[in-house]
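Here are the chains, one letter per residue:
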Amino acid sequence: QVQELNQGLSRQVDAQTKRILEAKEELRTIASAISHNLAAPLRTIESFSELLATRALDQLDAETADYVMRIRRASANMANLTDDLMTFLSLDSVVLVREEFDFSIAAQEITSDIIKRSPKRCYRITIMPGLKVQGDRALLKTAFRNVLENAFQYCSDNTVSSIEIGRYGERGIFVKDNGIGMTPEEIESIVNPSPTTEPDHYIPGLSVGLTISKKIVELHGGSLEIESEAGGGTTVRFKF
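Residues numbered from 1 in each chain as written. Predicted model: local features only at pLDDT ≥ 70, side-chain atom pairs only at ≥ 80, totals over all residues. Heavy atoms only, no water.

1. Quick notes on the packing of helix α3 (residues 103-117) against helix α4 (residues 137-153)
At a closest axis distance of 10 Å, the pairing of α3 and α4 adopts a crossing angle of 45 degrees. Relative to α4, α3 is oriented oblique. Relative to α4, the crossing made by α3 is right-handed. Residues Phe103, Ala106, Ala107, Glu109, Ile110, Thr111, Asp113, Ile114 and Arg117 of α3 touch α4, and the partners they reach there are Lys141, Phe144, Arg145, Leu148, Glu149 and Phe152. Here the contact of α3 with α4 is built from residues that sort into 8 nonpolar, 1 polar and 6 charged. (Axes fitted to C-alpha atoms, helices over the stretch in contact; angles between N-to-C directions. Helix = DSSP H or I, 4+ residues; strand = E, 2+ residues; numbered from the N terminus. Parallel < 35°, antiparallel > 145°, perpendicular 65-115°, else oblique. Left-handed = near helix turned anticlockwise from the far one by under 90°. Contact = heavy atoms within 4.5 Å. Nonpolar A, V, L, I, M, F, W, Y, C, P; charged D, E, K, R; others polar.)

2. Quick look at the side chain of serine 213
Its location among the elements puts serine 213 in helix α6 (residues 206-219). Ignoring sequence-local partners within four residues, the contact set of serine 213 consists of Ala143, Asn146, Val147 and Leu224.

3. Comments concerning the nonpolar core
Counting 33 residues, the largest nonpolar core has Phe144, Leu148, Ile163, Ile165, Val175, Ile226 and Phe238 as its most contacted members. Looking at this core, the elements with two or more residues in it are α3, α4, β4 (161-168), β5 (172-177), α5 (184-191), α6, β6 (223-228) and β7 (234-239). Here this core gets 8 residues from one element, more than from any other, and that element is α4. Once residues within four sequence positions are removed from consideration, phenylalanine 238 is found in contact with Ala143, Phe144, Val147, Gly172, Ile173, Val175, Val217, Ser223 and Leu224. (Core = buried A, V, L, I, M, F, W, Y, C linked by side-chain atoms within 4.5 Å. Buried < 20%, exposed > 50% of the residue type's maximum accessible area, 1.4 Å probe, protein only.)

4. Examining the environment of valine 97
If you trace the backbone, valine 97 turns up in the loop between α2 (62-90) and β1 (99-102). Excluding residues within four positions of it along the chain, valine 97 makes contact with Gly135, Asp136 and Arg137.

5. What to know about the packing of aromatic side chains
Across all of its chains, the model carries 6 aromatic pairs by this definition. Pairing phenylalanine 103 with phenylalanine 144 gives two aromatic rings, centres 4.8 Å apart and planes at 85 degrees, and the pair type is edge-to-face. Here phenylalanine 103 is found in helix α3, whereas its partner phenylalanine 144 is found in helix α4, with 41 residues between them in sequence. Side by side, phenylalanine 103 and phenylalanine 144 carry an identical accessibility label, which is buried. Taking 5.6 Å as the distance between ring centres and 55 degrees as the angle between the ring planes, the aromatic pair formed by phenylalanine 103 and phenylalanine 238 counts as tilted. Of this pair, phenylalanine 103 sits in helix α3 while phenylalanine 238 sits in strand β7, placing them 135 residues apart in sequence. (Phe/Tyr/Trp six-rings, centres within 6.5 Å; stacked < 30°, edge-to-face > 60°.)

6. Here's the deal with the pattern of salt bridges
Under the definition given, this model contains 10 salt bridges. One salt bridge in this structure joins arginine 145 and glutamate 149, with 3.8 Å as the shortest N-O distance. Within this pair, arginine 145 and its partner glutamate 149 are both found in helix α4, separated by 4 residues, close to a single helical turn. You can call arginine 145 partly exposed: its relative accessible area is 25%. One salt bridge in this structure joins glutamate 218 and lysine 214, with 2.8 Å as the shortest N-O distance. Of this pair, glutamate 218 and lysine 214 are both found in helix α6, 4 residues apart, which corresponds to roughly one turn of the helix. When its relative accessible area of 16% is taken as the criterion, lysine 214 is described as buried. Within the structure, one salt-bridge network assembled from shared partners comprises Glu225, Glu227, Arg237 and Lys239. (Salt bridge = Lys/Arg side-chain N within 4 Å of Asp/Glu carboxyl O.)

Keep in mind that these numbers describe shape and distance, not what the molecule does.
Take a look at the structure:
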């Protein structure tokens, strides 16, 4: 009787596990389709708002010109979020290709791209050379870009944006900024993401990008640490 009960329980567990996996795969497929279908209209919004800014910005009053730039920033953020969603959905099935990845070179490329988008801001960037690790180049660059994008995005417009990238321990990397910082609640939403996060406490791009970075580092057998306080800047550490 005990054996029969155990076998019955085992069959129930297997059936429930199968239903969960099927539901997860269905959700992944739906989310992927939504993300893919959002890409085309977003590119249209980006393209036409860029044309409007190029051709007519000098003919617009300051308030209207600001509206155009807000549209461009919002569409760019939405495009980044859809890219992040696609990346997140693919992480469970990715096969790591381990090779040498140089964080220092990647930092130069990424920060250069970011500065070109906001050339009027003042920057102070320090990059330690030779920050090399073994890992999947594409995934590590995505994780690193997310961290740097957030560091720049949440630096105050009224101060020099200071970003320091250096070695942490024997194989770790840190990114330190002088931005607005994060509250303990915001850090918790990244470390332990929850679908019940209150909308009033959500910062677009912050939780998604850093949550993806955290998962990528964990796929490499490491961990991502965040040290921050509101108004006191943020330090993100990649530990391998």
